[in-house]
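Close look at the chain arrangement
If you want the building blocks of each chain, they are given just below.
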Amino acid sequence: MKLHIQNNFTSELPADLNENNVPRQVEKACFSYVLPKQPSNPSLIHASQEVAEFIGLSQKDIQSADFLNVFSGNTVYPGTKPYAMPYAGHQFGNWAGQLGDGRAINLTEVEHKGKSFTLQLKGAGPTPYSRTADGFAVLRSSIREHLCAEAMHYLGVPTTRSLSLIESGDQVLRDILYNGNPAYEKGAIVCRVAPSFIRFGNFELFSSRNDLPTLKLLADYTIKHHFPDIKTEGVEKYIEFFQTITKTTLDMIVHWQRVGFVHGVMNTDNMSIHGITIDYGPYGWLEDYDVNWTPNTTDRQHKRYRFGNQPNIALWNLYQLANALYPLVNDAKPLEEILNGFATDYKVKYLDMMRNKLGFKIAKDEDAVLIESLTELLQLAETDMTIFFRNLGNVLKSDSGATAFDKIKEAFYNEKGLEESVLNNWNTWLGYYIGRINQETFSDDERKKLMNAVNPKYVLRNYMAQLCIDAADKGDYSLLNELYELLKRPYDEQPESQKWFTKRPDWARDKVGCSMLSCSS
Ligand code: AMP
Ligand code: MG
């Protein structure tokens, strides 16, 4: 197995001089060298061939002992020196001080076909940033990360990728519901791949300590290596940097809203400066369309990270990043202007995205009202988001409200049918919708094709991930393989997999792992 390695981050930025792997505050350093813990009996559960190819590895490499050793943390790849990064963050709206890669270890950067990636193990043991925790990850959460990161990529949502899922052979103690019932679970390690794992929180850390030299070093490094389109110098450079992050973050959120993804823990330490989805913890997928839903039991009371609040939180997080970068700009005005533009830009992009979901090519002013009334209507009775939008593509220009309703009725959870008033509302809305699609120039077939390209048929429903975890716990990985392949083509019909195009089964409604998840992973 041959990797084309690079060590830009560690050779250009200041290292922690202390190499003792004990939890502590680390000052004036962008990383600490740390070795992964050797697992007792690693075995490869699954690898993504496409991600392997991205970094220059073949199918044969995936099956090699080297692959298993390097990506389980058993051996260190020659010429590399793994490291963990300190970062800080606002968690659930509160300043949390130094956090850092508590259970993530960056192995190295690799270069392939002109692109560079950082390879990072998650769950490979403690680092100076582990605080009171163990640095490990359990199989259930590693499966969730591996499957979902890849599913998101194939949905066209910007995300970190997942190269491999490896069982460590060690047991990890977790109290799933934080209710005093800890139990041993299988440990696992995922290898994540991204341009870098730098977060908003990396900048917040140095800024909060007024360590401006390190803040500047990190910002300059990040721009030089990861934002090559920024050609300006001085203050302008940092403003452009912030503007770019604002834009990519906004685009990412529009994608989340399009597919019904709820991140669950949008703390500033879980926000990538690349505008890619990172840290798959207690995330979830909207089944019935409910803007107030969050899968995260830790957030049950305030629902800060509920589906409908994700755009607001992204903006709130960007304010924190702006504060962190402020010392490099020394003028609040340009940063504020960018932040002030977020709400308007979001509105425009959200509308465009929803128009696409509805199959409109022409933009009409009245679309905003049609879309708003739809999102209200979707919440009057439990309505499956994925099934609704996918089936809406079957509506014809020649349909009546009633015949159109027949095509979407599968999306409603109440088997007994809808209340008459809700039914009437649907009839009215569908009437408007049919009128609206008749104003478009393309045919029913063309519109359906357009809609099918943005309305996925298959997403990683919460209960699907849980079924996969239950089987994997018993050593059966066939469902994991099946779901991985299914979710590689989320917009294709795949009639042989129609069984995954069904509403959440009743047993999964309130089951732990399906609709409720904690941060304990
Ligand atoms: P999260 O909520 O998963 O984003 O994690 C917040 C912080 O806690 C990060 O600094 C993580 O690295 C750290 N952390 C989470 N789980 C563990 C663990 N099992 N061991 C060590 N650190 C952890
Ligand atoms: Mg995190």
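Criteria and cut-off values
Residues numbered from 1 in each chain as written. Chains lettered and ligands numbered in written order. Predicted model: local features only at pLDDT ≥ 70, side-chain atom pairs only at ≥ 80, totals over all residues. Heavy atoms only, no water. Patch = residues over 30% accessible without salt bridge, like charges linked within 9 Å, V, L, I, M, F, W, Y side chains within 5 Å. Areas by Shrake-Rupley, 256 points an atom, 1.4 Å probe, with all protein chains shown as cover. Salt bridge = Lys/Arg side-chain N within 4 Å of Asp/Glu carboxyl O. Helix = DSSP H or I, 4+ residues; strand = E, 2+ residues; numbered from the N terminus. Buried < 20%, exposed > 50% of the residue type's maximum accessible area, 1.4 Å probe, protein only. Donors = N, O, S within 2.8 Å, 3.2 Å for Na, K, Ca; no water. Near = heavy atom within 4 Å. Polar contact = N/O pair within 3.5 Å; in protein donor to acceptor, adjacent residues only side chain to side chain. 1 Å grid on protein atoms, 1.4 Å probe; cavity = no way out; pocket = protein on both sides within 12 Å on 5 of 7 lines; lining within 4 Å. Sits in = over half its atoms within 2 Å of the grid points. Nonpolar A, V, L, I, M, F, W, Y, C, P; charged D, E, K, R; others polar. Domains from an automatic or database assignment. Axes fitted to C-alpha atoms, helices over the stretch in contact; angles between N-to-C directions. Parallel < 35°, antiparallel > 145°, perpendicular 65-115°, else oblique. Left-handed = near helix turned anticlockwise from the far one by under 90°. Contact = heavy atoms within 4.5 Å. Points joined across faces, edges and corners; volume = space filled by probe spheres on them. Phe/Tyr/Trp six-rings, centres within 6.5 Å; stacked < 30°, edge-to-face > 60°. Lys NZ or Arg CZ within 6 Å of the ring centre and 35° of its normal. Arc of directions from axis to C-beta.

1. A look at a nonpolar patch on the surface
Taken together, the side chains of I176, L177 and V512 define a hydrophobic patch exposed on the protein surface, amounting to about 190 Å² of accessible area. Relative to the elements of secondary structure, L177 occurs in the loop between β10 (161-174) and β11 (183-194). Under the relative-accessibility criterion, L177 is labelled partly exposed at 39%.

2. A closer look at the environment of M252
By the element assignment, M252 lies in helix α8 (residues 234-259). Residue class for M252 comes out buried when judged on its relative accessible area of 3%. The spacing of M252 and G275 is 23 residues in sequence and 6.1 Å in space, taken between C-alpha atoms.

3. Points about the coordination of the magnesium ion (ligand 2)
Summarising the metal site, the magnesium ion (ligand 2) is bound by the protein donors N270 (OD1) and D279 (OD), whose distances to it range over 2.0 to 2.2 Å. Its relative accessible area of 13% is what places D279 among the buried residues.

4. Details of the site of ligand 1
Around ligand 1, 17 residues are found, and the nearest of them are G100, G102, R131, G135 and N270. Between ligand 1 and R103 there is a distance of 3.3 Å, counted from a nitrogen atom to a side-chain nitrogen or oxygen. Take D134: an N or O atom from its side chain is 3.1 Å from a nitrogen atom of ligand 1. According to the grid-proximity analysis, the pocket containing ligand 1 is the largest pocket. Of the residues that constitute the shell around ligand 1, the class distribution is four nonpolar, six polar and seven charged.

5. Quick word on the domain arrangement of the protein chain
Parsing the protein chain into structural domains produces domain 1 (5-200) and domain 2 (362-441). Placing the centre of domain 1 and that of domain 2 at their C-alpha centroids yields a distance of 44 Å.

6. Points about the packing of α8 against helix α9 (residues 310-329)
Where α8 meets α9, the closest approach of the two axes is 10 Å, and the angle between their N-to-C directions is 170°. Taken together, α8 and α9 sit at an angle that is classed as roughly antiparallel. For the pair α8 and α9, the crossing hand works out as right-handed. In this structure, α8 contributes V235, Y238, I239, F241, F242, I245, T246, T249, I253, W256 and Q257 to the contact, and α9 contributes Q310, P311, A314, L318, L321, A322, L325, L328 and V329. Broken down by class, the residue content of the contact of α8 with α9 amounts to 16 nonpolar, four polar and no charged.

7. A closer look at the layout of surface pockets
Estimates place the volume of the largest pocket at around 910 Å³. Forming the walls of the largest pocket are 34 residues, and the residues nearest its centre are Q91, R103, R131, C519 and S521. Looking at the lining of the largest pocket residue by residue, the classes come out as 12 nonpolar, 11 polar and 11 charged. One number sums up the size of the second largest pocket: a volume of about 680 Å³. Along its surface, the second largest pocket is lined by 26 residues, and K115, S116, F117, A194 and P195 are the ones closest to its centre. Considering only residue class, the lining of the second largest pocket consists of 10 nonpolar, 11 polar and five charged.

8. Observations concerning the pattern of salt bridges
Counted under the stated rule, the structure contains 32 salt bridges. One salt bridge in this structure joins R199 and D279, with 3.0 Å as the shortest N-O distance. One end of the pair, R199, is in the loop between β11 and α6 (200-208); the other, D279, is in the loop between β12 (261-262) and β13 (284-285), with 80 residues separating them in the sequence. For the pair shown, R199 and D279 are each scored as buried. It is possible to trace a salt-bridge network through shared partners that takes in K122, E145, R192, R199 and D279.

9. Remarks on the environment of K122
Of note, K122 is situated in strand β8 (residues 115-122). Residue classification places K122 among the buried residues on the basis of a relative accessible area of 12%. Distance in space between the C-alpha atoms of K122 and T248 is 24 Å, their sequence separation being 126 residues. In contact with K122, not counting residues within four places along its chain, are R103, A104, A137, E145, A188, I189, V190, R192, D279 and Y280.

10. Structural notes on the packing of aromatic side chains
The full count for this structure, using the stated rule, is 27 aromatic pairs. Judged by centre distance (5.7 Å) and plane angle (25°), the ring pair of Y346 and Y350 falls under stacked. Here Y350 and Y346 lie together in helix α10 (residues 332-358), a separation of four residues that amounts to about one turn. Within the aromatic cluster, the residues linked to one another by ring pairs are F360, F388, F389, F405, F412, W426, W429 and Y433. Here the guanidinium or amino end of K357 rests over the ring plane of F389, the centre of that ring lying 4.4 Å away. One cation-aromatic arrangement involves K503 over Y413; the distance from NZ or CZ to the ring centre is 5.8 Å.

11. Concerning helix α11 (residues 367-377)
Those residues of α11 that sit buried are D367, L370, I371, L374, T375 and L377. The buried residues of α11 occupy an angular sector of 160° when projected down its axis, which confines them to one face. The exposed set on the far side of α11, more than 90 degrees from its buried face, consists of V369, E372 and E376. If you follow the buried residues of α11, they end up packed against α10, α12 (385-392) and α14 (420-437).

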